[in-house]
Amino acid sequence: DVKVTQSSRYLVKRTGEKVFLECVQDMDHENMFWYRQDPGLGLRLIYFSYDVKMKEKGDIPEGYSVSREKKERFSLILESASTNQTSMYLCASSFGQGYGYTFGSGTRLTVV
Amino acid sequence: GEDVEQSLFLSVREGDSSVINCTYTDSSSTYLYWYKQEPGAGLQLLTYIFSNMDMKQDQRLTVLLNKKDKHLSLRIADTQTGDSAIYFCAESIGGGGGNKLTFGTGTQLKVEL
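Calculation rules
Residues numbered from 1 in each chain as written. Chains lettered and ligands numbered in written order. Predicted model: local features only at pLDDT ≥ 70, side-chain atom pairs only at ≥ 80, totals over all residues. Heavy atoms only, no water. Contact = heavy atoms within 4.5 Å. Buried area = accessible area lost by both parts, 1.4 Å probe. Salt bridge = Lys/Arg side-chain N within 4 Å of Asp/Glu carboxyl O. Polar contact = N/O pair within 3.5 Å; in protein donor to acceptor, adjacent residues only side chain to side chain. Helix = DSSP H or I, 4+ residues; strand = E, 2+ residues; numbered from the N terminus. Phe/Tyr/Trp six-rings, centres within 6.5 Å; stacked < 30°, edge-to-face > 60°. Buried < 20%, exposed > 50% of the residue type's maximum accessible area, 1.4 Å probe, protein only.

Explain the interface of chain B and chain A residue by residue, including any values.
Taken together, the contacts link 25 residues of chain B with 23 residues of chain A. Between chain B and chain A, roughly 1800 Å² of surface is buried when both sides are summed, and carbon and sulfur atoms account for 54% of that area. Across the chain B-chain A interface, the total number found is zero salt bridges. The tally of links from chain B across to chain A stands at five residue pairs in polar contact (both at pLDDT 80 or more). Elements that contribute at least two residues to the side of chain B that touches chain A include exactly strand S4 (29-37), strand S5 (43-50), strand S9 (85-93) and strand S10 (101-103) of chain B. Per element, the largest residue contribution to the side of chain B that touches chain A is five residues, and it comes from S4(B).

Could you give me a rundown of the packing of aromatic side chains, with the residues and numbers involved?
Inspection of the entire model under this criterion finds 16 aromatic pairs over all chains. Note on Tyr35(A) and Phe103(B): the rings are 5.2 Å apart at their centroids and 85° apart in plane angle, and the pair reads as edge-to-face. Linking Tyr35(A) in strand S5 (residues 31-38) with Phe103(B) in strand S10, this pair reaches from one chain into another. According to the relative accessible area criterion, Tyr35(A) is buried, its value standing at 1%. Of the residues examined, Phe103(B) reaches a relative accessible area of 6% and is grouped as buried. Ring centres of Phe103(A) and Tyr35(B) lie 5.7 Å apart, and the angle between their planes is 85°; this geometry places the pair in the edge-to-face category. Taken together, the positions of Phe103(A) in strand S11 (residues 102-103) and Tyr35(B) in strand S4 put the pair across two chains. The pair formed by Phe103(A) and Tyr35(B) is uniform in burial state, with each residue classed as buried. Each residue in the set Phe33(A), Tyr35(A), Phe48(A), Tyr101(A), Phe103(A), Tyr31(B), Tyr33(B), Tyr35(B), Tyr48(B), Phe50(B) and Phe103(B) is aromatic and connected to the rest through ring pairs, giving one cluster.

In structure tokens form, the structure reads like this:
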């Protein structure tokens, strides 16, 4: 069964901490994505990557960075967590046009 | 620009049909998708339609696309309690790398007995 795995389902961090959210896919997909999901706002794209070591800013990249050192792994980094980054974070991967995305189960991050 | 809109809530009785609507503004969209999100889970791809089609049927699901009005709908026949979830439409713009999707706000479907 093909999968996108996010390392944590729930995470609680303190303001100012550096936070790493990890995502691994086993489908040999080129494209990987990080979204955050907030009630009434739907999914908003933070960053995406269409190749190893490549990254592109999405619609809301401020306060975040990413790393893609290997094809299967795409990490989201919160350099200095703030309370307004409390959210559900969803990772996805895709072959390309017309294939849709495969999503992970999400990480619910709370910053206190 | 890209903007995808959906109503936030829909309530139906078990056995009735549900129709979830979506409007988008980018006429260059190539693929349009419907995703389902059950509580505590990620999004699951339900179905998609290519922009040169106006209808696609897959068992209980019917997707209708009106390109002129930039309107997409998902009809679920014989709605069951297991269909209760949030439904997202999404559009994909052709060209370039990354296959970036823009998602709507999601429609919470509640199925009542």
